Amino acid sequence: MSESGINRRDFLKVLGLGGSSLALTGCGNTDIRSGDELIMPNVHPEDFVVPGLSVFYASTCTQCGSACGVMGRVREGRVLKMEGNPESKISGGKICGLGQAAVQVQYNPDRLTQPMMKVGGSLQPVGWDKAMALLEEKTGPRSGINGEEFAFMTGAMSGHLKVLVQNYLDSLGSKNHFVYEALSPAVSFAANKQVYGVDMPRLHFDKAKLIVSFGSDFLGTGASPVHFAAEYAKFRKAPRGTLIQIEPKMTMTGANADRWIPIIPGTEGVFALGVANQLLKHEEFAQSVPSDIVSLVAKYDPETVSSITGVRSELVGHLAALLWEKSPSLVISGASVEGHTHGVQNAVAIQLLNKILGNVGKTLDGQAQSPFPQIAPNAGSFAALKSVNDGMGGGKFKAIFIYGANPVFTAPSFMGLRDNLRKVPFKVAFVNAVDETAEECDLVLPIYTAVEDFGSHVAWYQPEGVEITMQQPLMEKLYSDTRSMGDIMLDLVKQRRADEYKAWPDFFTYLKTAVINIKPAVKYADTDEHFWYDTLSHGVIQVDAPQQQIGSNFSAAMLDLPVTAEAQDPKFPFYLVPSERHYFRDGRHANCGWLQESPDPLTTIVWDSWAEIHPKTAESMGIKEGDYLEVSSQNGTLKVKAYLFPGIHPDAISIPLGQGHESLGRFAKGVGVNPFKILNPVFEKSTGELAMYGTRVSVKKTGESEIVVKDEGPVSTQMGRKLVVTLPADVAQLSKEI
Amino acid sequence: MIHRLLAVLSLAFFIGNAVNAEPFVQGGPIGSQTSDGYNALGPVVQQPIEFPHYRHARDMGINCMYCHTGARRGYVSAIPRIDKCIGCHQNIESVRNKPRIKKLFEYWDKKEPIPWKKVNDLPDYVRFNHERHIQRFYFRQNRPVREVCGYCHGDVANMTVDRRVKALSMGWCISCHQKDHKESDTNMKTSHGPGECWQCHK
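From a predicted model like this one, the values you see are computed outputs, not experimental measurements.

**Here we look at the overall build of chain A**
Of regular secondary structure, chain A possesses 27 helices and 26 strands. Against the 2.2 N^0.38 benchmark of 27 Å for 738 residues, chain A shows a C-alpha radius of gyration of 28 Å, consistent with a compact globule. By principal-axis analysis of the C-alpha atoms, chain A measures approximately 85 × 80 × 55 Å. Restricting to contacts in chain A with at least 6 residues of sequence separation, those with at least 24 account for 72%. Summed over its atoms, the accessible surface of chain A is roughly 30100 Å², and 53% of this surface lies on carbon and sulfur atoms. The centroid of the 68 positive side-chain charges in chain A is displaced by 2 Å from the centroid of its 80 negative side-chain charges.

Next comes the structure, spelled out in structure tokens:
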């Protein structure tokens, strides 16, 4: 018998006898109970409501900028799951993991539930009346603020909320709408504008027999991953199309490719010109471009290309032969191509292949021209952040509003944005959860999440016609002290233009009027009221708009890429590839547990950051998986675990974006590292955009080591059994096939 | 020491049940348990309105599913929506001033739900489907509604406020699932309820 007087046998007896009553104290409801829980009936519900059965409402996903039409499964007044809306041409009835996590934004335990005001250096809860009074005092008509002194910073915007923001700025006489996206397509837009005269051509995957993608992770990130995944499925149906991916670090799209070619970051354009050179030697293509371009690309012979790009020289001719054989083809470029000092030239060089191969007009043509320029999307840029940062640093602004962006997290440390932001006397953030930027603000206002609010959206990539996706609340607001962003904006506009806006008591009525104004464009025959409810129940307005005409304007000046390999700085021998993860993007959703828990598709790592390093490089440096590395640029150092990954160029090191939050709640704070912070001030030379992939780093072992938490088993050994028979590439003789 | 502890535990157990005792014994004698250790008779639950089931189901002969409309088409039978109560009671002047009806109208006027307490509360990991049972036994076998609902809920038509009178435990469920039941009132073929874990545990 033990000292306490109860031995093990007696203890078990007690458990056995009292077990059923003790179980009541356990977690959750694990017993049959009466009278412990409440069961609230509906008071006066809609006729179709049957308790226990779900109803689906159409809405729009706002997790990224693709504006997929979605349906929310709602039961007993709670949204439980997101699905795709089959009527949306963008989503085609499908949805991605990021979209699924919209319910975790809604039910996030760290959601901001009441307005906060900075008092004595920390944020304290206040009432809405006090918060709005402060807004009125600092930015209202009697504040004496003029338009030049005011800045409104938002993430990418479209639809009628964008119109309201614009109207508010107009009422202030301000032109300072800064649309900032950390991962904006601005460079891609600039290249397309030069070549085709439009921001973004429409891509027809299904018509192509071969897709050559230079760093475009169209299945994971970018313009419209859900739409492109469906298009890709059509492309892969018999007769199966071939995908070749050329990039420094394997993306999810790269992992799906038939052939993946690692390349030195930033040299993709040179490789494309090498291929163009081979093609133009063929009489079939020689007349496709002006003679000055023919003579320009002649200097990119396979050996030169190989020495610059690090790709074997025979692959240049091989890719040219494939492109010749499999026509029509489609050549696209992506973020890792565009994020360099000569990003636009890189992208133009890649588009030149489409011109030579005659793909323009076949696999690539114009999107529909939106007849509503006011609600058309603004996809944002880094340039916007730069100007707002300069303005703040120069003491230009007396007040700044921030919505849909987290610049304190995404701005590289060389900008000193946090200090500059502190110089603005009055800063307001509109958020769902307090993030790094909101922490710095004087007033933080809690707004509805996307599943609680009304809205309208227009995506910048439109697969067919122009689709205006409608957002409607899938449930009542969860917290009584939150407000709709639209309602707040309307209140703010009314500060100066009360008469013009008096017809609309709230954003709902404003949106309804605005949407009904679209009716003539879609030739809807029934009443206005019917149109509005039809629009909400279907979730989309399809506008049959004329197609944009695209040109194909190339000149030798647009293509002049260096013919020598870039000079190396021996202090920083590695190329940093800050990779965009398909469910984290710029990090705004790092507070969703599901997304943290979802294994990275290529490394299977969860809840962490890691540095991908090629096994050969790691071997030469004596690095093993889990070893802590110090990855340093001129602007900072990150301490991160190594992950040995064969899908990366041996001279590159890749750290995923989106982690390393200092705020944003319990699931995001303190997890991983933030590679945005160590980026160097390297800019794309024609657009001024930050060259995200232009930073060089050094790598040093710290000597510490820790287990990498991941789902994958021992891949190379296959659990000691030959589960999947694999062949080395040279034995498989891949090059003979693809 | 340990024996004293056990004695106190078991005494508290029986006293607890004796306090809640009611003078009817459906589901077994007071304090009795089914083979898997669950009380056959649940405690008395105090409800915000002492709803007289006997008045509606027995005296008026109203079908249970007139109010519990979810039972035939959803997982849950559902507590009636309040406009359902009002739909009838605004036309029954004779009881309009009874205290319970006044209370009902107070909730309705405020458009507030009545905070009923859940009497038949299964653990969170169990999903019981009312529709399957009602469709099989009420519609296909054509059994009387008070009998069909009563398999699990007892004779609610003779109760005021509902009280759990069957164990609703897993062993108790299975004891019925293992019996042979007619396919319908015209088809003499029999089958028993499903026995797969996932049918109830999702």
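Now that the structure has been shown, the text picks up again.
**So, the domain arrangement of chain A**
We note that the domain assignment places domain 1 (116-181 + 380-447 + 482-503), domain 2 (186-219 + 239-365) and domain 3 (569-713) within chain A. Once you take the C-alpha centre of each, domain 1 of chain A and domain 2 of chain A turn out to be 41 Å apart.

**Here's the deal with the packing of helix α5 (residues 159-172) of chain A against helix α20 (residues 485-501) of chain A**
Residues and elements named next belong to chain A. In contact at an axis separation of 9 Å, α5 and α20 are set at 40 degrees when each is read in the N-to-C sense. The angle between the axes of α5 and α20 places the two elements in the oblique class. Of the two elements, α5 crosses α20, and the hand of that crossing is left-handed. Facing α5, whose interface residues are Leu161, Leu164, Val165, Asn167, Tyr168, Asp170, Ser171 and Leu172, α20 presents Met485, Gly486, Met489, Leu490, Leu492, Val493, Gln495, Arg496, Arg497 and Tyr501. In terms of residue class, the contact of α5 with α20 is made up of 11 nonpolar, 4 polar and 3 charged.

**Quick word on the interface of chain A and chain B**
With 28 residues of chain A at the contact, the number on the chain B side is 37 residues. In terms of surface lost to chain B, no three residues of chain A exceed Ile32(A), Ile39(A) and Val43(A), which account for 23% of the buried area on that side. Where chain A meets chain B, there are 1 salt bridge. One salt bridge connects Asp47(A) with Arg81(B), and the closest N-O pair in it is separated by 4.0 Å. Counting across the interface, chain A meets chain B through 10 residue pairs in polar contact (both at pLDDT 80 or more).

**Things to note about the sheet that holds strand β18 (residues 455-458) of chain A**
Residues and elements named next belong to chain A. On the basis of which strands lie adjacent, the open sheet formed by 3 strands has the order β18-β19-β20 and antiparallel pairing. The sheet is open, and its two borders are formed by β18 and β20 (540-543), each paired with just one other strand. Looking at each pair of strands side by side, their axes are set apart by 20 degrees on average, direction ignored. Pairing of β18 with strand β19 (residues 466-471), which is carried by 4 bridges, proceeds in the antiparallel orientation. Within β19, the position partnered with histidine 457 by the bridge is threonine 469. Taken strand by strand, helix α21 (residues 507-516) contacts β18, β19 and β20, and its axis lies near 45 degrees from that of β18.

**Concerning the sheet that holds strand β13 (residues 329-333) of chain A**
Residue and element names in this part refer to chain A. Spatial strand order, β12-β11-β10-β13: 4 strands in an open sheet with parallel pairing. Pairing within the sheet leaves two strands with one partner each, and these edge strands are β12 (259-262) and β13. Mean inter-strand twist for the sheet, computed between neighbouring axes without regard to direction, equals 15 degrees. Note: strand β10 (residues 210-214) against strand β11 (residues 242-247), 5 bridges, orientation parallel. What sits directly across from isoleucine 211, in β11, is leucine 243.

**With respect to the nonpolar core**
All names here are of chain A. Judged by nonpolar contacts, the single largest core of 72 residues is most densely connected at Phe205, Phe214, Phe271 and Leu352. It is helix α15 (residues 343-357) that contributes the most residues to this core, 9 residues altogether. Discounting chain neighbours no more than four positions away, the residues touching phenylalanine 205 are Ile211, Phe218, Phe228, Glu231, Tyr232, Phe235, Leu330 and Ile332. Listed in part, the 57 residues of the second largest apolar core include Phe409, Leu421, Ile605 and Met692.

**Points about the domain arrangement of chain B**
All names here are of chain B. Per the domain assignment, the segments of chain B are domain 1 (2-77 + 120-199) and domain 2 (80-115). Counting from both sides, the interface comprises 10 residues of domain 1 and, opposite them, 10 residues of domain 2. With both chains or domains summed, domain 1 and domain 2 bury close to 850 Å², and 62% of this area falls on carbon and sulfur atoms. The interface formed by domain 1 and domain 2 holds 1 salt bridge in total. Notably, a salt bridge pairs glutamate 50 with arginine 100, separated by 3.5 Å at the nearest N-O pair. Between the two partners, domain 1 and domain 2, sit 3 residue pairs in polar contact (both at pLDDT 80 or more).

**Some details on the environment of Thr726(A)**
For Thr726(A), the location among the structural elements is in the loop between β26 (696-705) and α26 (729-732). A sequence separation of 293 residues divides Thr726(A) from Ala433(A), and the C-alpha atoms of the two residues are 47 Å apart.

**Details of the packing of aromatic side chains**
Residues and elements named next belong to chain A. All told, the structure shown has 32 aromatic pairs over all chains when counted by the stated rule. With centroids separated by 6.0 Å and ring planes inclined at 55 degrees, the aromatic side chains of phenylalanine 218 and tyrosine 232 adopt a geometry described as tilted. Here tyrosine 232 lies in helix α7 (residues 225-236) and phenylalanine 218 lies in the loop between β10 and α7, a separation of 14 residues in the sequence. What makes phenylalanine 218 buried here is its relative accessible area of 3%.

**Let's talk about the confidence of the model for chain B**
Chain-level statistics for chain B give a pLDDT mean of 83 and a share of 81% at 70 or above. Within the model, pLDDT remains below 50 along residues 5-26 of chain B, and this stretch shows 23 contacts once partners closer than five positions in the same chain are excluded.

**Structural notes on α15(A)**
Residues and elements named next belong to chain A. Between its first and last C-alpha, α15 extends 22 Å over 15 residues, near the 21 Å set by a 1.5 Å rise per residue. With 14 of 15 residues buried, α15 lies mostly within the body of the structure. Looking one or two residues past α15, glycine 358 carries a phi angle of roughly 75 degrees, positive in sign.

**Points about the side chain of Thr410(A)**
All names here are of chain A. Mapped onto the secondary structure, threonine 410 falls in helix α17 (residues 407-410). For threonine 410, the side chain forms a polar contact with the side chain of tyrosine 180, separated by 2.8 Å. With near-sequence residues (within four places) excluded, threonine 410 lies in contact with Tyr180, Ala182, Asp586 and Phe676.

**Let's talk about the environment of Ser333(A)**
All names here are of chain A. Inspection of the secondary structure puts serine 333 in strand β13. Judged by relative accessible area, which is 15%, serine 333 ranks as buried. Non-local contacts of serine 333, meaning those with residues more than four positions away in its chain, are made with Phe214, Ser216, Glu338, Ala347, Ile350 and Gln351. A distance of 2.9 Å separates the side chain of serine 333 from the side chain of glutamate 338, its partner in a polar contact.

**Considerations on unusual backbone geometry**
Residue and element names in this part refer to chain A. Proline 239 follows alanine 238 through a cis peptide bond whose omega is -5 degrees. Structurally, proline 239 can be placed in the loop between α7 and β11. In this structure, the amide linkage connecting serine 327 to the following residue, proline 328, adopts the cis form with an omega of 0 degrees. Tracing the chain through its elements places proline 328 in the loop between α13 (314-325) and β13. With a phi close to 55 degrees, alanine 67 is a non-glycine residue in the positive phi region. Within the secondary structure, alanine 67 is located in the loop between β2 (55-60) and β3 (69-75). Residue alanine 67 is classed as buried on the basis of its relative accessible area of 6%. Despite not being glycine, glutamate 76 shows a phi value in the positive range, around 45 degrees. Note that glutamate 76 resides in the loop between β3 and β4 (78-84).

**Re the confidence of the model for chain A**
Residues and elements named next belong to chain A. Per-residue confidence for chain A averages 91 on the pLDDT scale, and 94% of its residues sit at or above 70. Within the model, pLDDT remains below 50 along residues 1-5, and this stretch shows 3 contacts once partners closer than five positions in the same chain are excluded. In the predicted structure, residues 11-26 sits below a pLDDT of 50 and forms 12 contacts with residues beyond four places in sequence or in another chain.

**Topic: a nonpolar patch on the surface**
Residues Met60(B), Ile62(B) and Tyr66(B) make up a contiguous nonpolar surface patch of about 300 Å² in total accessible area. Within the element layout of this structure, Tyr66(B) appears in helix α3 (residues 64-67).

Reading the values: rules and limits
- Residues numbered from 1 in each chain as written.
- Chains lettered and ligands numbered in written order.
- Predicted model: local features only at pLDDT ≥ 70, side-chain atom pairs only at ≥ 80, totals over all residues.
- Heavy atoms only, no water.
- Helix = DSSP H or I, 4+ residues; strand = E, 2+ residues; numbered from the N terminus.
- Rg over C-alpha atoms; globule rule 2.2 N^0.38 Å.
- Contact = heavy atoms within 4.5 Å.
- Areas by Shrake-Rupley, 256 points an atom, 1.4 Å probe, with all protein chains shown as cover.
- Lys, Arg positive; Asp, Glu negative; His and termini not counted.
- Charge placed at Lys NZ, Arg CZ, Asp CG, Glu CD.
- Domains from an automatic or database assignment.
- Axes fitted to C-alpha atoms, helices over the stretch in contact; angles between N-to-C directions.
- Parallel < 35°, antiparallel > 145°, perpendicular 65-115°, else oblique.
- Left-handed = near helix turned anticlockwise from the far one by under 90°.
- Nonpolar A, V, L, I, M, F, W, Y, C, P; charged D, E, K, R; others polar.
- Buried area = accessible area lost by both parts, 1.4 Å probe.
- Salt bridge = Lys/Arg side-chain N within 4 Å of Asp/Glu carboxyl O.
- Polar contact = N/O pair within 3.5 Å; in protein donor to acceptor, adjacent residues only side chain to side chain.
- Pairing = 2+ DSSP bridges.
- Core = buried A, V, L, I, M, F, W, Y, C linked by side-chain atoms within 4.5 Å.
- Buried < 20%, exposed > 50% of the residue type's maximum accessible area, 1.4 Å probe, protein only.
- Phe/Tyr/Trp six-rings, centres within 6.5 Å; stacked < 30°, edge-to-face > 60°.
- pLDDT = per-residue confidence, 0-100.
- Expected span 1.5 Å × (residues − 1).
- Patch = residues over 30% accessible without salt bridge, like charges linked within 9 Å, V, L, I, M, F, W, Y side chains within 5 Å.

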